[in-house]
Each structure stands twice: as C-alpha cells, then as structure tokens.
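Each chain is listed here by its residues.
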Amino acid sequence: MLILLLDRSIKPGDVIAIGDTFGWIQSLGARYTAVRTRDGTEFLIPNEDLITNQVENWSHSDVQLRLKIPVGISYNNDPHQAIALCNVAAAKCKRVLETPDPNTLLRGFGDNSIDLEIRFWINDPQNGRGNIISEVLLNVWDAIKDNNIEIPFPQRDLHLRSSDVNLPLKTSVSDKT
C-alpha cells in the first residue's frame, strides 16, 4: 500500500483495468484496493496484484482515450466510400472528440471481407466504452445501409466427395419386447 501511495500510480477516482476487471478506484486500503465496475460490482483487489501485474490506468495523466472498432465490408464495395462514411458516422457522436478527428483505416483483406478499423478519441472514459462503441456502430450501420454497402457474412465452400466403393448402409434395430 505504501508503494501505491508514494508513487501515485493510482488514486481514488482513477479508471483502471486489471485482468478482466474494469472500473473506478473507490478506495485504497492497507491490504486491498476497492474497484467498482459499471454494473455496480465492487472488487477487492489485493494491493500485491496492483504492484506485480500490469494495470491500465485510463485516467492517470490524461483522460483522453483512443478506441478502435473493427468493421468488415464486402469485396463488392468501394473501401474509399466506406472509410468516408465510417468517419462521418463516428464524428456524429457527441462523446467523440473533433480533434483529433475520427480516422478509419484499411487494415487488410480478410477471408470474407475488406477489414477496416475505425479509430476515434474520447475524453471521458469514466462514462464507459461499450455505450460509445455501440453508438458509433449504430451510426455506421445506418450509413452503410443508406449507401448500399454490404457487411458480409462468413462464407464457406463445402466439397462433398463420392466414394468409388458403394458400401451398404448398416443399420441395426434392436427389438427388446
């Protein structure tokens, strides 16, 4: 605890992630730190874990946070148009910062889609990530539907082979009456 207090790496009110736990530091105790999640669950994390494990402090020195959202479009669509639409869709959200402005990148050519990634900044991580990601994705959905851009679904080719040997189908019926 003394190490945590002296180095000021975390303090009450900070937004942190450690392992699968994401939340706000409520209090620092001698043995544990209380972290409250967005669903109201309070985790008591041993201070040793905060010293020996990697901790993401989203509000330590700066509350600005960049989020990334993957989006796939069909190979039948123009990625230039989709990128422009994604940028506009993200910018419509009030929590998305204007500077730096949203930026969508072409990340690769996947098995089923052209892979894009929307990147944008927020300055209020304490208000959560899931809700702003959802808002951006809903805006993207509306934009791509309005512009006839397809989100592909996984496609698989199935090859059936026939055998040269025609084996009879074996069946067994048990009659235990």
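How each quantity is defined
Residues numbered from 1 in each chain as written. Predicted model: local features only at pLDDT ≥ 70, side-chain atom pairs only at ≥ 80, totals over all residues. Heavy atoms only, no water. Helix = DSSP H or I, 4+ residues; strand = E, 2+ residues; numbered from the N terminus. Buried < 20%, exposed > 50% of the residue type's maximum accessible area, 1.4 Å probe, protein only. Contact = heavy atoms within 4.5 Å. Areas by Shrake-Rupley, 256 points an atom, 1.4 Å probe, with all protein chains shown as cover. Pairing = 2+ DSSP bridges. Axes fitted to C-alpha atoms, helices over the stretch in contact; angles between N-to-C directions. Expected span 1.5 Å × (residues − 1). Polar contact = N/O pair within 3.5 Å; in protein donor to acceptor, adjacent residues only side chain to side chain. Core = buried A, V, L, I, M, F, W, Y, C linked by side-chain atoms within 4.5 Å. Patch = residues over 30% accessible without salt bridge, like charges linked within 9 Å, V, L, I, M, F, W, Y side chains within 5 Å. Salt bridge = Lys/Arg side-chain N within 4 Å of Asp/Glu carboxyl O. Arc of directions from axis to C-beta.

A.B. asks: Account for the overall build of the protein, naming residues and giving values.
C.D. replies: A count of helical and extended segments in the protein gives 4 helices and 8 strands. Ordered by position in the sequence, the α and β elements of the protein form the string α-β-β-β-β-α-β-β-α-β-β-α. Out of the 177 residues in the protein, the part that is buried amounts to 36%. Long-range contacts, defined here as pairs at least 24 residues apart, represent 59% of the contacts in the protein between residues at least 6 apart. Of the roughly 12,300 Å² of accessible surface on the protein, 49% is carried by carbon and sulfur atoms.

A.B. asks: Tell me about the sheet that holds strand β7 (residues 103–109), and name the residues and values.
C.D. replies: Here we have 3 strands laid out as an open sheet, ordered β6-β8-β7, and antiparallel in their pairing. Lying at the two open borders of the sheet, with one neighbouring strand each, are β6 (65–73) and β7. Averaged over all adjacent pairs, the angle separating strand axes in this sheet is 25°, with direction ignored. Sheet strands in contact with helix α3 (residues 79–91) are β6, β7 and β8 (114–122), and its direction is about 140° off that of β7. Here helix α4 (residues 130–146) sits on the sheet and contacts β6 and β8; the angle it forms with β6, its principal contact strand, is near 35°.

A.B. asks: So what's going on with α3? Which residues, and what values?
C.D. replies: Helix length check: α3, at 13 residues, gives a terminal C-alpha distance of 18 Å against a target of 18 Å (1.5 Å per residue), a fit within 8%. Within α3, burial applies to Pro79, Ala82, Ile83, Leu85, Cys86, Asn87, Ala89 and Ala90. If you follow the buried residues of α3, they end up packed against β6, β7, β8 and α4. Of the residues flanking the start of α3, the one acting as N-cap is aspartate 78, its side-chain oxygen 3.0 Å from the backbone nitrogen of histidine 80.

A.B. asks: Could you give me a rundown of the sheet that holds strand β3 (residues 32–36), with the residues and numbers involved?
C.D. replies: Read from one edge of the open sheet, 5 strands run β4-β3-β2-β1-β5, paired in antiparallel fashion. Pairing within the sheet leaves two strands with one partner each, and these edge strands are β4 (42–46) and β5 (56–57). Alignment of strand β1 (residues 15–18) against strand β2 (residues 21–28), held across 4 bridges, turns out to be antiparallel. Note that in β2 the partner of isoleucine 18 across the bridge is threonine 21.

A.B. asks: Account for the nonpolar core, naming residues and giving values.
C.D. replies: Counting 28 residues, the largest nonpolar core has Ile118, Phe120, Ile132, Val136 and Val140 as its most contacted members. Elements that contribute at least two residues to this core include exactly β1, β6, α3, β8 and α4. Ranked by residues supplied to this core, first place goes to α3 with 6 residues. Phenylalanine 120 has contacts with Leu65, Arg66, Leu67, Ile69, Val96, Pro102, Ile132 and Val136, leaving out every residue within four places of it along the chain. Of all hydrophobic cores here, the second largest spans 8 residues; its members include Ile10, Leu28, Val35 and Leu50.

A.B. asks: Go over a nonpolar patch on the surface, please, and point to the residues and values.
C.D. replies: A cluster of nonpolar side chains, Tyr75, Leu106 and Phe109, forms an exposed patch at the surface whose accessible area comes to about 330 Å². Along the chain, the position of phenylalanine 109 falls in strand β7. Phenylalanine 109 sits in the exposed class, given a relative accessible area of 61%.

A.B. asks: I'd like a rundown of α4, residues and numbers included.
C.D. replies: Here α4 is 17 residues long and its end C-alpha atoms lie 24 Å apart, about the 24 Å a rise of 1.5 Å per residue gives. When we look at burial in α4, the residues that qualify are Ile132, Val136, Asn139, Val140, Ala143 and Ile144. Viewed end-on, α4 has its buried residues packed into an arc of 130°, placing them on one side of the element. Opposite the packed face of α4, turned more than 90 degrees from it, sit the exposed residues Gly130, Leu138 and Asp146. Structurally, α4 contributes buried residues whose contacts are with β6, α3 and β8.

Structural measurements only, silent on function.
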